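Observations on the three-dimensional arrangement
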Amino acid sequence: MAKKKKAAPAPRPAASDAPATLKDLLSSDVLDKLKAQSDALKAEEHEKKEAARKAVEDQRKAEQKRLENDFAHLLENSSQDWHKFK
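The name given to the protein chain in an unreviewed UniProt entry is DUF3886 domain-containing protein, with Paenibacillus riograndensis as the source organism.

1. Points about the overall build of the protein chain
If you tally the helices and strands in the protein chain, you get three helices and zero strands. Looking at the protein chain as a whole, 2% of its 86 residues qualify as buried. Counting every atom, the protein chain has about 8,900 Å² of accessible surface; 58% of that belongs to carbon and sulfur.

2. Overview of a nonpolar patch on the surface
Judged by side-chain polarity, Phe71, Leu75, Trp82 and Phe85 come together as a nonpolar surface patch covering roughly 520 Å² of accessible area. Tracing the sequence through the fold places phenylalanine 71 in helix 3 (residues 71–77). By relative accessible area, which is 62% here, phenylalanine 71 ends up exposed.

Conventions we followed
Residues numbered from 1 in each chain as written. Predicted model: local features only at pLDDT ≥ 70, side-chain atom pairs only at ≥ 80, totals over all residues. Heavy atoms only, no water. Helix = DSSP H or I, 4+ residues; strand = E, 2+ residues; numbered from the N terminus. Buried < 20%, exposed > 50% of the residue type's maximum accessible area, 1.4 Å probe, protein only. Areas by Shrake-Rupley, 256 points an atom, 1.4 Å probe, with all protein chains shown as cover. Patch = residues over 30% accessible without salt bridge, like charges linked within 9 Å, V, L, I, M, F, W, Y side chains within 5 Å. Salt bridge = Lys/Arg side-chain N within 4 Å of Asp/Glu carboxyl O.

Structural data, given as structure tokens:
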């Protein structure tokens with residue numbers, strides 16, 4: 001079986017030969033504004049998620065409080081071993 005020749009890796013073009021990116025073309029103040037807007041959107045999304053989580057938590061607490069005041073629910077879910085309370 002003959003050995004295979006390894007292909008030489010293609011030389012990478014220098015960074016200065018690379019095509020210009022959008023980041024390179026935009027001015028620094030425009031980039032700063034875009035970053036600030038991105039941060040603001042992320043903060044707003046985080047606040048929405050936190051508000052939704054809090055609403056779910058409040059709803060769960062309200063349901064738990066309602067069930068604690070429901071005698072039928074307490075009777076169904078209570079321990080049936082009455083001997084330990086004598």
